[in-house]
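Spelled out, the chains give:
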Amino acid sequence: MGSGNPGKTNAWAYVFSGAQLAISVLIGVFGGLWLDRRWATTPWLTLVCSLLGIGLGLYQFIKEVSGMDGKSSPDNPKAM
């Protein structure tokens, strides 16, 4: 069989990383809304959880994308 198109595979990796960032933010927002309704702390837990979701999502996104260029992958420690 063919080896496929490496450029296309890399593009899907970027798409997946972006989707993962969006999901992290949404989990933070909806988790904060749920906690605010549960403990009547509107809007504080929504803000805190949203910022936490954005921060963690961006951290993971940057970590994954910076590893995709081949410079700092665990498979290639000499490139670090």
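Structure: see above.
Please read all numbers here as calculations on a predicted model, not as lab measurements.

Before going further, it helps to spend a moment on the side chain of Ser 17. If you trace the backbone, Ser 17 turns up in helix α1 (residues 6-39). A polar atom in the side chain of Ser 17 sits 2.8 Å from the side chain of Glu 64. In contact with Ser 17, other than residues within four places in its own chain, are Phe 61, Glu 64, Val 65 and Met 68.

Following the sequence through the fold, Trp 34 ends up in helix α1. It is 8.2 Å that separates the C-alpha atoms of Trp 34 and Thr 46, two residues lying twelve residues apart in sequence.

A few words on unusual backbone geometry. Cis peptide bonds are those with omega within 30 degrees of zero, and the linkage from Thr 42 to Pro 43 qualifies with -5°. Here Pro 43 shows up in the loop between α1 and α2 (44-68). The backbone of Ala 40 sits at a positive phi, close to 55°, despite the residue not being glycine. Among the secondary structure elements, Ala 40 is positioned in the loop between α1 and α2.

Residues Leu 51, Ile 54, Leu 58 and Ile 62 make up a contiguous nonpolar surface patch of about 370 Å² in total accessible area. Along the chain, the position of Ile 62 falls in helix α2.

What counts as what
Position labels on residues start from 1 in each chain and follow its written sequence. The predicted nature of this model means local features are confined to residues of pLDDT at least 70 and side-chain atom pairs, given and counted, to a pLDDT of 80 or more, with totals for whole chains, interfaces and linings taken over all residues. Calculation of side-chain values draws on the structure's entire complement of heavy atoms; hydrogens and water are dropped beforehand. Where helices and strands are cited, they refer to DSSP runs of H or I of at least four residues and of E of at least two residues respectively, numbered from the N terminus. Whenever two N or O atoms come within 3.5 Å, that pair is a polar contact, provided that in protein one can donate a hydrogen and the other can accept it, and provided that, for residues adjacent in sequence, both atoms are side-chain atoms. We call two residues in contact when some of their heavy atoms are within 4.5 Å. Here, patches come from residues exposed beyond 30% relative accessible area and free of salt bridges, joined within 9 Å for like charges and within 5 Å for nonpolar side chains (Val, Leu, Ile, Met, Phe, Trp, Tyr). We get accessible surface area from the Shrake-Rupley algorithm with a probe of 1.4 Å; when it comes to residues, only the shown protein chains can shield them. Each salt bridge in this description consists of a side-chain nitrogen of Lys or Arg and a carboxyl oxygen of Asp or Glu lying within 4 Å of one another.

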